[in-house]
Amino acid sequence: MMSVRAKVTIYGLLIFVGLLFALPMLMMISGALQTPEQLARNPNGFPDDPRWENFPLALRSMPFALYLTNTLLMCGGCVVGTTLSCSLVAYGLCRVQWRGRRLVLLSVVATMLLPWQIMMVPRFILISELGLYNSLWAIIGPTFLGDAFFIFLLRQFFMSIPEELLEAGRIDGLNDWGLFWRIVVPLSTPALATVALFQFVQTWNDFGGPLLYLSDPDKFPLAYGLERFVSSYTDQTHLLLAAAVIFSIPMILLFFLAQKTFIEGIRTSGIKG
């Protein structure tokens, strides 16, 4: 049993480290509630008279509703594309017997070594040739082709499903398609939810993709819109911080609401051969 002193030490250390990570967020919130004059005098302190009107003022300074709509459309499309394509590929790589399966798996995993910057030019050319440039499908479309990390994550989870369940399904007359939808998918909710959450966060924070594939301001997501806001209001630091806080709130709420799903999905996706 751990002694009381050891518990106090561990929890105290965890709280200290947690506060260190939370400090930038706290400073951002503090700056968002101040005037430019207050920021100049005391940039690191919490204001005595918080200016809550900075948040609606920041929203009115940019087409927030348009950016939010574009972002949600992108996030929804990318989540559907990623979960559907990656789950199908992962099932085919672990539960369907075919020649060359392991070689394909190694090739898929090897693509995780390639940084995104290497693929920028060929992907841009491909999207332009397909006529998808300057449309939300330029961001959503590639997710329907799978992602190596998510494929590997789901494959590891699918490997943990007992083979006896699939054999019982085959005896009942199910083919591979039926086994996937009626047995594998219902049992893989934690892993699929984890992939969906990871993809949602990744798309929400994506700046490079919209910067590369979009040119119409009416199609910008929040991440790119925030960058344009920064360029337009360089002297309004309090509004910049307020906009950054608004941009961060959905991800903070998502973390607190879905942290159990994150942990469960990763825990149950242990590495298996």
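The preceding data block contains the structure.
Summarised in this report is the structure supplied together with it. Source: prediction; values computed, not measured.

**Re the overall build of the chain**
- Looking only at helices and strands, one finds 14 helices and 0 strands in the chain.
- In the chain, the succession of helices and strands from N to C terminus is α-α-α-α-α-α-α-α-α-α-α-α-α-α.
- Taken along the three principal axes of its C-alpha coordinates, the chain extends 75 × 65 × 30 Å.
- Across the 273 residues that make up the chain, the buried fraction comes to 37%.
- When contacts within the chain are restricted to residue pairs at least 6 apart in sequence, those whose partners lie at least 24 apart make up 74%.
- Element-wise, carbon and sulfur atoms account for 68% of the exposed surface of the chain, whose accessible area totals about 16,000 Å².

**Observations regarding the pattern of salt bridges**
- Within the structure shown, the criterion is met by 4 salt bridges.
- In this structure, Arg170 engages Glu163 in a salt bridge whose closest nitrogen and oxygen atoms are separated by 3.2 Å.
- The closest approach of N and O atoms between Glu167 and Arg170, which form a salt bridge, is 3.2 Å. Taken as a pair, Glu167 and Arg170 lie in helix H9 (residues 163–171) at a separation of 3 residues, close to a single helical turn.
- Residues participating in the shared-partner salt-bridge network are Arg95, Glu163, Glu167 and Arg170.

**A word on the nonpolar core**
- Phe55, Trp204, Phe229, Ala243 and Phe247 are the most contacted members of the largest nonpolar core, which has 28 residues in total.
- Looking at this core element by element, the count peaks at 11 residues for helix H14 (residues 237–267).
- Apart from residues lying up to four places away in sequence, Phe229 is in contact with Ala58, Ser61, Met62, Leu239, Leu240 and Ala243.
- With 24 residues, the next largest nonpolar core counts Cys94, Ala148, Phe158 and Ala191 among its residues.

**Comments concerning the packing of H9 against helix H10 (residues 176–187)**
- Close contact between H9 and H10 brings their axes to 10 Å; oriented N to C, the two are set at 140°. With respect to H10, the element H9 is oriented oblique. H10 is crossed by H9, and the crossing has right-handed handedness. Contact residues: H9 offers Leu165, Leu166, Gly169 and Arg170, while H10 offers Asp176, Leu179, Ile183, Val184 and Leu187.
- Taken together, the residues that form the contact of H9 with H10 break down as 6 nonpolar, 1 polar and 2 charged.

**Topic: the packing of aromatic side chains**
- Taken as a whole, this structure holds 14 aromatic pairs when the rule is applied.
- Pairwise contacts between aromatic rings join Tyr91, Trp177, Phe180 and Trp181 into one cluster.

**Section: a nonpolar patch on the surface**
- Nonpolar side chains collect at one region of the surface, where Val80, Leu84, Leu88, Trp137, Phe144, Trp177 and Trp181 lie side by side and expose about 700 Å² of accessible area between them.
- It is helix H4 (residues 64–94) that provides the largest number of residues to the nonpolar patch, a total of 3 residues.

**Quick word on the packing of helix H8 (residues 148–159) against helix H11 (residues 189–204)**
- Running from N to C, H8 and H11 cross one another at 165°; their axes reach a closest spacing of 10 Å. With respect to each other, H8 and H11 are oriented roughly antiparallel. Here H8 runs over H11; the crossing is right-handed. Contact residues: H8 offers Phe149, Phe150, Leu153, Leu154 and Phe157, while H11 offers Ala191, Leu192, Thr194, Val195, Phe198, Gln199 and Gln202.
- Among the residues forming the contact of H8 with H11, the class breakdown is 9 nonpolar, 3 polar and no charged.

**Observations concerning the state of the cysteines**
- In this structure the tally under the stated criterion is 0 disulfides.
- Sulfur of Cys78: no disulfide; nearest cysteine sulfur belongs to Cys75 and is 7.0 Å away.

**What about the environment of Ser61?**
- Within the element layout of this structure, Ser61 appears in the loop between helix H3 (54–60) and H4.
- A sequence separation of 59 residues divides Ser61 from Met120, and the C-alpha atoms of the two residues are 32 Å apart.
- If near-sequence neighbours (up to four positions away) are discounted, Ser61 is found in contact with Phe229, Tyr233 and Leu239.
- Within the local environment of Ser61, its side chain forms a polar contact with the backbone oxygen of Leu57, the two atoms lying 2.7 Å apart.

**A look at the side chain of Asn54**
- Inspection of the secondary structure assignment puts Asn54 in helix H3.
- Residue class for Asn54 comes out buried when judged on its relative accessible area of 5%.
- From its side chain, Asn54 meets the backbone oxygen of Gln34 in a polar contact 3.0 Å long.

**Considerations on the layout of surface pockets**
- Roughly 1,000 Å³ of internal volume is contained in the largest pocket.
- Lining the largest pocket are 31 residues, and of these Trp116, Arg123, Pro142, Gly146 and Asp147 lie nearest its centre.
- Elements that contribute at least two residues to the lining of the largest pocket include exactly H4, helix H6 (120–129), helix H7 (137–140), H8, H11 and helix H12 (208–213).
- Tallying contributions element by element places H6 first for the lining of the largest pocket, with 4 residues.
- The class makeup of the residues in the lining of the largest pocket is 19 nonpolar, 9 polar and 3 charged.

Parameters and conventions
Residues numbered from 1 in each chain as written. Predicted model: local features only at pLDDT ≥ 70, side-chain atom pairs only at ≥ 80, totals over all residues. Heavy atoms only, no water. Helix = DSSP H or I, 4+ residues; strand = E, 2+ residues; numbered from the N terminus. Buried < 20%, exposed > 50% of the residue type's maximum accessible area, 1.4 Å probe, protein only. Contact = heavy atoms within 4.5 Å. Areas by Shrake-Rupley, 256 points an atom, 1.4 Å probe, with all protein chains shown as cover. Salt bridge = Lys/Arg side-chain N within 4 Å of Asp/Glu carboxyl O. Core = buried A, V, L, I, M, F, W, Y, C linked by side-chain atoms within 4.5 Å. Axes fitted to C-alpha atoms, helices over the stretch in contact; angles between N-to-C directions. Parallel < 35°, antiparallel > 145°, perpendicular 65-115°, else oblique. Left-handed = near helix turned anticlockwise from the far one by under 90°. Nonpolar A, V, L, I, M, F, W, Y, C, P; charged D, E, K, R; others polar. Phe/Tyr/Trp six-rings, centres within 6.5 Å; stacked < 30°, edge-to-face > 60°. Patch = residues over 30% accessible without salt bridge, like charges linked within 9 Å, V, L, I, M, F, W, Y side chains within 5 Å. Disulfide = S-S within 2.5 Å. Polar contact = N/O pair within 3.5 Å; in protein donor to acceptor, adjacent residues only side chain to side chain. 1 Å grid on protein atoms, 1.4 Å probe; cavity = no way out; pocket = protein on both sides within 12 Å on 5 of 7 lines; lining within 4 Å. Points joined across faces, edges and corners; volume = space filled by probe spheres on them.

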